[in-house]
Amino acid sequence: MPALIAAKKSSRPASRSGRPATELIFGDLWEFDPAPESADPKLKARYELFIDGKFVAPKGGRYFDSINPANEQKLAEIALAGPADVDAAYAAAKRAYEGVWGKMPGRERAKYLYRIARLLQDRAREFAVAETLDGGKPIKESRDFDVPMAAAHFFYHAGWADKLDYVAPGRRVAPLGVVGQVIPWNFPLLMCAWKLAPALAMGNTVVLKPAETTSISALKLAEIFQDAGLPPGVVNFVTGAGDVGAAVMNHPTPAKIAFTGSTEVGKIIMRGLAGTGKKMTMELGGKAANIVFDDAPLDQAVEGIVNGIFFNQGHVCCAGSRLLVQESVAAKVLAKLKNRICTLRVGDPMDKNTDIGAINSREQLDKIAALVAVGVKEGNEMFQPACKLPTKGFYFRPTIFSGVSMSSRVAREEIFGPVLSVLTFRTVDEAIEKANNTAYGLSAGVWTDKGSRILKMSTELKAGVVWANTYNKFDPSSPFGGFKESGFGREGGRQGLLDYCKLV
Amino acid sequence: MSRLPITKTPKVYVGGAFIRSESARVFPLKDASGEFFANIPQCTRKDLRNAVEAAAKAGPGWAKRTAYNRGQILYRLGEMIEARAGEMADAITLGGATPAAAAREVAATVERLIYYAGWTDKYEQVLGNVNPVAAPYFNFTVTEPMGIIGVIAPDEAPLLALISLIAPAITSGNTVVALASSRQPYPAILLGEMLATSDLPGGVVNLLTGFRKEMISTFATHAHLRAISAVVNAEERKALALGAADSVKRTHLRKAEDKHDWLVDSAQSLEAIRETLEFKTTWHPVGA
């Protein structure tokens, strides 16, 4: 990998007087004192499965380690579920649906969800630390985004539980029954909330499998379910790798399957369910265009580009991984961008000043490195800041490829890491054509000072979420989900609820 | 002196033109008494791909029509069928329906079109909304047509079921490639002629006749078909769902083995429109 890190000094744009513009390049100029977050994550040495309201040992008696990707140290052991455990989880979910949850009045279900939201807020810092330790994301993100947003999702959906007559105008809705869900490792707690809150508000019960590298926050959430008195079996967590996920997806019990993950795995799940007639929600990959027009406020756009691709190390399905810049400002934007990423602080995720934390796993790090190597081999110009990386743990420098063509693999494939590909365009039509020229269609960004152009772009872009003069904004009331091979179904808002009910 | 009547050569309506199958194949259609009636085009996978191309060309223009305009065109299609109701009812009786049942089916078809005509400029107001996000953004969710929809119609109610699948898709600006009933294809042949005089732009609705088993795999795997709306048997459902996975296609597969009453009001719905819509959410900053 070091061969790839051609550490180039950024070329600073000269000011009119010929002197370099004054810019704060923090990266190498001086050392920062560490500012570690020190709250206790209250981790257990061993996490069991959460089935029927209790923590139970896996029937096979096997466990796997969850490590901290920031230093490769073991955090805890996690139960490895087998088919019998998945059966038990579904049996519990079915009992809970038929016996309690499915027939509970909505206002009562609502109160449980409100309780969960409040208890999560109470323990927010503890959860943030656990999330950062387990997944590698910067503490400032888990503290300011993941955990509060997860609580917000429970709070928002709680209020729907007794207002379901308003979800589908003119129709009555009913829960589907038991739902099977599999979530990814990039936002472990938040994805839990996105999946669970609407399903529970609607009156379904759930078997959920967290990602194998990030099971801890789900199992901590199970503690909150116990504290909240959530009836046993309403939510069941089974942990393990892809084979457990397949068992959850292909089990005969669930009436609906919801999956967030790669398009590749999504297609496998769709094939597995072909002919069953089960409902599905697929939240899959993306290769979003972030489009900067020449009239955009460029400094603001640069911040948005950085947030778009480097938020959560770029482990974001809707990451703005393809920057499309109008040719007339391309050189200027690229220069500003290179400068800006030299000030990003890469390193210990537990440090409150860290901007880019650890890559979630060695496997993902290898995948990013391999695709970046392809990008170099294809002849794209690569830029990485010369920041120091910790010696232990999984880290990758923020990376920019410029002069990228549409056919380049780094412009077409989802890298799921801190790697930005920069392309240019001349006209509005060309921007639309390039942005839409992908099998994906999850999200897009538009940067321009012109309101009418924002609405035009929003209309033309084949993407489920369009951010104008901002990027990577989320809200429980705002539906999220893709067009084309980015999947189907929505999460959040009234539209998200529709995917967890049937019309009667 | 008795006059030998001029018989019509059935042709399928694709891209706004009346064509034979590119394969030059036909299959004989007999009337209810077993007499030869006409030769029907036996369309191929290639015909299907050509129809998708025609639908792709027509799509952007149709989606950009105003909702008011789309409503008037759907209404006019109702007018065209109403005006030729007798002829259409005769086409339905070919398959063995009583004249009274055929007349009911034609009348219900017209009613269905009027129902969806009225929805074109209203479904957005019901399905979309503004979202009260906790940040200074004007955040709104609107719908958008998916694109090209593949329709596979059942054998029963050869006109009404076909229209019940097509109409909600084109209400929102999708285009359609539909395979008509192979047992009773003639109403679809006539429907093409009514579509042609309805102001509906050519290519918005493309009707094929032929055999499912020859075309189903292409319906399943054609990446430009963004959704499939079909009434199909268990084996076909599996084939469609398997092929759909390749391009993450949306499938709305009704069971052919279930009894469907297409005449009832519940066979038309806002949800049928929603099935071929995507939701798009835009975050627009609020500030000076």
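The shown structure was predicted, so the numbers you read here are calculated from the model rather than taken from an experiment. Per chain, residues are indexed from 1 in the order of the written sequence. Numbering of ligands from 1 and lettering of chains from A proceed in the order in which they are written. Only residues with pLDDT of 70 or above have their local features reported here, since the model is predicted, and side-chain atom pairs are shown and tallied only from 80 upward, although totals for entire chains, interfaces and linings are computed over all residues.

(A) Layout of the overall build of chain B. Elements are defined by DSSP. Helices are runs of H or I of four residues or more, strands are runs of E of two residues or more, and each kind is numbered from the N terminus. For chain B, the helix and strand inventory stands at 10 helices and 12 strands. Note that the radius of gyration is over C-alpha atoms, with the globule rule given as 2.2 Å times the number of residues to the power 0.38. For chain B, whose C-alpha radius of gyration is 20 Å, the value lies close to the compact-globule estimate of 19 Å for 288 residues. In terms of principal-axis extent, the alpha carbons of chain B reach across some 85 × 40 × 35 Å. Looking at chain B as a whole, 52% of its 288 residues qualify as buried. Residues are defined as contacting one another if the C-beta atoms placed from their backbone atoms lie within 7 Å. Looking at chain B alone, contacts between residues at least 24 apart form 75% of all its contacts between residues at least 6 apart. To assign burial, the other C-beta atoms lying within 10 Å of each residue's own C-beta are counted, with C-beta atoms placed from the backbone; 20 or more indicates buried, 12 or fewer indicates exposed, and intermediate counts indicate partly exposed.

(B) Expanded view of the sheet that holds strand 9 (residues 205-208) of chain B. Residue and element names in this part refer to chain B. On the basis of which strands lie adjacent, the open sheet formed by five strands has the order 9-8-7-10-11 and parallel pairing. Edge strands, defined here as strands with exactly one partner in the open sheet, are strand 9 and strand 11 (250-255). Between one strand axis and the next, the sheet turns by 15° as a mean value, whatever way the strands run. Strands were regarded as paired on the criterion that DSSP finds at least two bridges between them. The pairing of strand 8 (residues 175-179) with strand 9 spans four bridges and is classified as parallel. Among the inter-strand pairings, L179 is bridged to a residue of strand 9, identified as L208. Angles shown run from 0 to 180 degrees and are taken between the N-to-C directions of axes, each axis being a line fitted to C-alpha atoms and, for helices, limited to the stretch in contact. Across the sheet, helix 6 (residues 160-171) touches strand 7 (148-152), strand 8, strand 9 and strand 10 (225-232), and the angle it forms with strand 8 is around 165°.

(C) Expanded view of the sheet that holds strand 5 (residues 73-79) of chain A. All names here are of chain A. Judged by pairing direction, the sheet is mixed, and its three strands sit side by side in the order 1-5-4 without closing on themselves. Of all strands in the sheet, those bounded by a partner on one side alone are strand 1 (46-47) and strand 4 (63-68). When strand 1 meets strand 5, the two strands line up parallel, connected through two bridges. Bridged to R46 within strand 5 is E77.

(D) Inspection of the interface of chain A and chain B at higher detail. With 36 residues of chain A at the contact, the number on the chain B side is 31 residues. When residues of the side of chain A that touches chain B are traced back to their parent elements, those giving at least two are helix 9 (263-273), helix 15 (451-460), strand 18 (465-468), strand 19 (487-488) and helix 16 (493-498) of chain A. Among the elements that make up the side of chain A that touches chain B, the one with the highest residue count is helix 9 of chain A (five residues). Any residue outside Ala, Val, Leu, Ile, Met, Phe, Trp, Tyr, Cys, Pro, Asp, Glu, Lys and Arg is labelled polar, Gly included; the first ten of those are nonpolar and the last four are charged. Here the residues of the side of chain A that touches chain B are counted per class, giving 14 nonpolar, 14 polar and eight charged. In this structure, strand 18 of chain A lies alongside strand 12 (residues 277-285) of chain B, joined through three bridges in parallel fashion. Looking across to strand 12 of chain B, one finds that W467(A) is bridged to W283(B).

(E) Here's a closer look at the nonpolar core. Core membership is restricted to buried Ala, Val, Leu, Ile, Met, Phe, Trp, Tyr and Cys residues, and these are joined into a nonpolar core through C-beta atoms within 7 Å. One finds L113(A), L162(B), I166(B), A178(B) and L240(B) to be the most contacted residues of the largest nonpolar core, which totals 188 residues. A total of 11 residues in this core trace back to one element, the largest contributor, which is helix 6 (residues 188-201) of chain A. Not counting the four nearest positions on each side in its chain, L113(A) is found in contact with F154(A), H157(A), A158(A), A161(A), A197(A), L200(A) and A201(A).

(F) The pairing of strand 17 (residues 443-447) of chain A, seen in detail. Residues and elements named next belong to chain A. Where burial is concerned, most of strand 17 is hidden: five out of the five residues are buried. Here strand 12 (residues 289-292) runs beside strand 17; their pairing, made up of four bridges, is parallel. Looking across to strand 17, one finds that A289 is bridged to A444. Handedness of a crossover is defined as follows: with both strands directed away from the viewer, a clockwise route from the first strand across the helix to the second makes it right-handed. Regarding topology, helix 15 serves as the crossover connection from strand 17 to the parallel strand 18, and that connection is right-handed.

(G) Expanded view of the domain arrangement of chain A. Residues and elements named next belong to chain A. Its domain assignment divides chain A into domain 1 (2-31 + 286-468) and domain 2 (46-105 + 164-284 + 483-503). Throughout, the edges of the domains are those of an automatic or database domain assignment. Put simply, the middle of domain 1 and the middle of domain 2, counted by C-alpha atoms, are 33 Å apart. If you look at the interface, domain 1 gives 21 residues, while domain 2 gives 11 residues. Of the residues belonging to the side of domain 1 that touches domain 2, the class tally is nine nonpolar, nine polar and three charged.

(H) Quick look at the environment of K59(A). All names here are of chain A. By the secondary structure assignment, K59 is in the loop between strand 3 (54-56) and strand 4. Given 15 C-beta atoms within a 10 Å radius, K59 is considered partly exposed. The spacing of K59 and G82 is 23 residues in sequence and 7.1 Å in space, taken between C-alpha atoms. The residues touching K59, leaving out its near neighbours within four places in the chain, are G82, A84 and D85.

(I) View of helix 9 (residues 234-245) of chain B. Expected helix span is taken as 1.5 Å per residue step, with the number of steps being one fewer than the number of residues. Over its 12 residues, helix 9 of chain B runs 17 Å from end to end, which matches the ideal 16 Å to within 8%, given 1.5 Å per residue. Regarding helix 9 of chain B, the residues found buried are E236(B), R237(B), A239(B), L240(B), A241(B), G243(B), A244(B) and A245(B). Buried positions along helix 9 of chain B lie against helix 9 of chain A together with helix 8 (212-221), strand 10 and strand 11 of chain B.

(J) Broad picture of the environment of A70(A). All names here are of chain A. With respect to the helices and strands, A70 occurs in the loop between strand 4 and strand 5. For A70 and S407, which are 337 residues apart along the polypeptide, the C-alpha to C-alpha distance reads 34 Å. When sequence neighbours within four positions are dropped, the list of residues in contact with A70 reads G136, D348, P349, G357, A358 and G393.

(K) View of helix 8 (residues 242-250) of chain A. All buried positions along helix 8 of chain A are accounted for by V244(A), G245(A), A247(A), V248(A) and M249(A). If you follow the buried residues of helix 8 of chain A, they end up packed against helix 2 (83-99), strand 7 (178-182), strand 8 (205-209), strand 10 (256-260) and helix 9 of chain A.

(L) View of unusual backbone geometry. Residues and elements named next belong to chain A. One non-glycine residue with positive phi stands out, namely F416, at about 60°. Relative to the elements of secondary structure, F416 occurs in the loop between helix 13 (409-412) and strand 16 (419-425). One non-glycine residue with positive phi stands out, namely N472, at about 50°. By secondary structure assignment, the location of N472 is in the loop between strand 18 and strand 19.

(M) Spatial organisation of the environment of F154(A). Residues and elements named next belong to chain A. Along the chain, F154 turns up in helix 5 (residues 139-160). Sequence separation between F154 and A296 is 142 residues, and the spatial gap between their C-alpha atoms is 36 Å. Apart from residues no more than four positions distant in its own chain, F154 is found in contact with L113, I116, A117, L120, A193 and A197.

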